[in-house]
Amino acid sequence: ATSHTVSVEGDVVDINYTQAVRKLPSFAAKFVGDSVEIHQREVWSGTTANFELTLPGKPGDISGTRTLTATADGSREVFAVTAKVGLPLVGGKLEDLILQIFKRGAEREHRTATESLSV
């Protein structure tokens, strides 16, 4: 992220950040631009969070659940995610692209957390 803010109040986590965008297919680049602002809100209840990522000024959002469960050797994190883009013709392609980017980000976040916790 090129900038970020994080707020935690009780069971609600708000994360706002700006991220540079690189290597997008040409059909997506004109909708996204060089960077994207992301507003992420997670509302936790026990080990499950409902979350939403919105992209102000952009035609899409992501929502779903994030669940943590204990395992014999640590924990497991599972996402159930839906992307919605309200554009005719390219909406489905953009939704697939957003989900791929979200998955890569979640995998990167997992690697970073695992590395940090193993020290």
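Residues numbered from 1 in each chain as written. Predicted model: local features only at pLDDT ≥ 70, side-chain atom pairs only at ≥ 80, totals over all residues. Heavy atoms only, no water.

Draft legend 1. Fine view of the sheet that holds strand E4 (residues 48-54). Read from one edge of the open sheet, six strands run E1-E2-E3-E4-E5-E6, paired in antiparallel fashion. Whereas interior strands pair on both sides, the edge strands pair on one side only; in this sheet they are strand E1 (3-9) and strand E6 (74-85). Sheet twist, expressed as the average angle between the axes of neighbouring strands with direction ignored, equals 15°. With nine bridges joining them, strand E2 (residues 12-20) and strand E3 (residues 35-45) adopt antiparallel strand pairing. Considered in E3, the bridge of Asp-14 is made with Arg-41. In this fold helix H2 (residues 91-117) packs onto E4, strand E5 (60-71) and E6, with an angle of close to 160° to the strand it touches most, E6. (Pairing = 2+ DSSP bridges. Helix = DSSP H or I, 4+ residues; strand = E, 2+ residues; numbered from the N terminus. Axes fitted to C-alpha atoms, helices over the stretch in contact; angles between N-to-C directions. Contact = heavy atoms within 4.5 Å.)

Draft legend 2. Main features of the nonpolar core. Grouped together as the largest cluster of nonpolar side chains are 16 residues, with contacts concentrated most on Ile-38, Leu-53 and Ile-62. Taken together, the elements giving at least two residues each to this core come down to E3, E4, E6 and H2. Element by element, the count of residues in this core is highest for H2, at four residues. Aside from chain neighbours lying at most four places away, what touches Ile-62 is Phe-51, Glu-52, Leu-53, Val-81, Thr-82, Ala-83, Ile-98 and Phe-102. (Core = buried A, V, L, I, M, F, W, Y, C linked by side-chain atoms within 4.5 Å. Buried < 20%, exposed > 50% of the residue type's maximum accessible area, 1.4 Å probe, protein only.)

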